[in-house]
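# Coordinate analysis (summary)
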Amino acid sequence: MKQARVIGIGSHLPKNILTNKDIEEKCDTTDEWIQKRTGIKSRHIIEPGQGSSDLALPAAQEALEMAGITPEEVDIIVFCTITPDQLAPGSASILQGKLGATNAAAFDVNAACSGFVNGLAVADSLICSGKYNNVLLIGAEVQSNRMLWHNRDTAILFADGAGAMVLTASDSDEDSSQVMTTHLGSDGSSYEILHLPRGGSREIFTMDNFDKDGYKIHMNGTELFKRAVVKFVSVCQEALDATGLTMDDVDLFVPHQANKRIIEAAGQRMGIDPEKVALTIEYTGNTTAASIPIALDHAYKDGRVKKGDIILVAAFGAGLTWASAIIRW
Ligand code: COA
């Protein structure tokens, strides 16, 4: 029996920084309101013409270097995104070509903000099946060119970035580094709480419908906020129950970075020490599927992750979807 072990992590944020003051010029909001209601001060956005695979490439290279494996040794690329470079093929294939991962299979996972944790469950299963040894797991998004900057509901929140993780197969050993458990859920009956209706098969873009709202992300922020807090708590508890751990055993909690107040409210209900929470939202905004690997990588680079640490990750987002996992580092 094989188990999956994390051996590499990396991230990349584009160099352009958009502050709340810059957003003030684009829509009816203020720096003070954004900071108070979301915890965001600034975010990174791409150069025109870049796609998600361009952000993923340096993150992947960093993670592979840490893992000590070459692109040719990657067996499969799982690319989590809702903003692929183009409608087809998946960004996983585009990244595979850029990386020179000539022996890798490649596919995308679309589960919005829960994408990376869904991808982690897929990567874990592929490795535990015994068929694959090295999985390159990516979370990468370019949200900035999807923003309608006059729409303050979403313009203040979403941003660009990428994170990468390398997982490898090792022989089963209860006490060693491993993905200990993963938990996934969805409620598709409520998908309209957060969705981007146009541009898919049901309603394609035409010159007629590409009006000023044609590309708008529709979001009921207050409803999402309430549901996110509840689901964060329950899906984290599922992971703890499955492993027999308690919140006191958790060394680092890496939540999806949607809104600092969601993270604080969920953290309080779960009784987790705020010192144990990885937070990047202040300078990244919400980077959807990229937010967890970016936050984990930054915590690692800050020296907050040691061998043997118990890391709890959890996400909630469009779908609606939610997910959690526990990794022993
Ligand atoms: N700038 C300034 N004022 C704003 C504003 C903005 N961007 N957005 C809303 N307001 C105003 C509202 O008009 C309202 O004014 P009123 O009290 O005079 O009526 C007030 O601020 C409060 O609005 P509300 O919508 O209740 O704010 P909120 O505290 O719920 O924050 C979100 C809004 C979107 C930041 C918050 O609901 C959120 O983060 N939700 C989750 C979003 C999310 O996670 N999305 C991605 C899924 S991963």
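Everything that follows concerns the structure shown earlier in this document.
Conventions adopted
Here the residue index of a chain counts from 1 through its sequence in written order. The predicted origin of the model limits local features to residues at a pLDDT of at least 70 and limits the giving and counting of side-chain atom pairs to 80 or more, whereas totals for whole chains, interfaces and linings rest on all residues. Excluded from the side-chain calculation are hydrogens and water; included are all heavy atoms of the structure. Counting from the N terminus, the helices are the DSSP runs of H or I reaching at least four residues and the strands are the DSSP runs of E reaching at least two. Atoms counted for the radius of gyration: C-alpha only. Globule rule: 2.2 Å times residue count to the power 0.38. Throughout, exposure labels follow a simple rule: accessible area from a 1.4 Å probe, protein chains only, divided by the maximum for the residue type, with under 20% read as buried, over 50% as exposed, and the rest as partly exposed. Contact definition: two residues touch when any of their heavy atoms are within 4.5 Å. The Shrake-Rupley method, run with a 1.4 Å probe sphere, supplies the accessible areas, and residue values consider only the shown protein chains as cover. For this count, His and the chain ends are skipped, Lys and Arg are scored as positive, and Asp and Glu as negative. One atom stands in for each charge, and that atom is NZ of Lys, CZ of Arg, CG of Asp or CD of Glu. Under the rule applied, a polar contact is a pair of N or O atoms within 3.5 Å (in protein, one hydrogen donor and one hydrogen acceptor; residues adjacent in sequence only if both atoms are side-chain atoms). Here the aromatic set is Phe, Tyr and Trp, taking the six-membered ring for Trp, and pairing holds for ring centres within 6.5 Å; pairs whose planes are under 30 degrees apart are stacked, those over 60 apart are edge-to-face, and all others are tilted. Only when the NZ of Lys or the CZ of Arg is both within 6 Å of the ring centre and within 35 degrees of the ring normal is a charge said to sit over the ring.

### Structural notes on the overall build of the protein
When helices and strands are tallied, the protein shows 10 helices and 13 strands. Whereas a compact globule of 329 residues would reach a radius of gyration of roughly 20 Å, the protein reaches 19 Å, a difference of no more than 12%. If you line up the protein on its principal axes, its C-alpha atoms span 55 × 45 × 35 Å. Considering the protein as a whole, with its 329 residues, one finds that 55% of them fall into the buried category. Considering only intrachain contacts with a sequence separation of at least 6, the fraction spanning at least 24 residues in the protein is 78%. Accessible area of the protein: about 14000 Å², with a carbon and sulfur share of 48%. The centroid of the 29 positive side-chain charges in the protein is displaced by 5 Å from the centroid of its 42 negative side-chain charges.

### Topic: the side chain of Asn 134
Mapping Asn 134 onto the fold places it in strand β6 (residues 134-141). According to the relative accessible area criterion, Asn 134 is buried, its value standing at 11%. Of note is the side chain of Asn 134, whose polar atom sits 3.0 Å from the backbone oxygen of Glu 73. Among the polar contacts made by the side chain of Asn 134, one reaches the side chain of Thr 168 at a distance of 2.6 Å. Apart from residues lying up to four places away in sequence, Asn 134 is in contact with Ile 69, Glu 73, Val 74, Asp 75, Ile 76, Leu 167 and Thr 168.

### Things to note about the packing of aromatic side chains
A complete count under the given rule lists 2 aromatic pairs for this structure. For the pair Tyr 300 and Trp 329, a centre-to-centre distance of 5.8 Å together with 40° between the ring planes defines the contact as tilted. Taken together, the residues Tyr 300 in helix α10 (residues 291-301) and Trp 329 in the segment after β13 (321-328) connect sequence positions 29 residues apart. Trp 329 sits in the buried class, given a relative accessible area of 10%. Here the guanidinium or amino end of Lys 231 rests over the ring plane of Trp 322, the centre of that ring lying 4.2 Å away.

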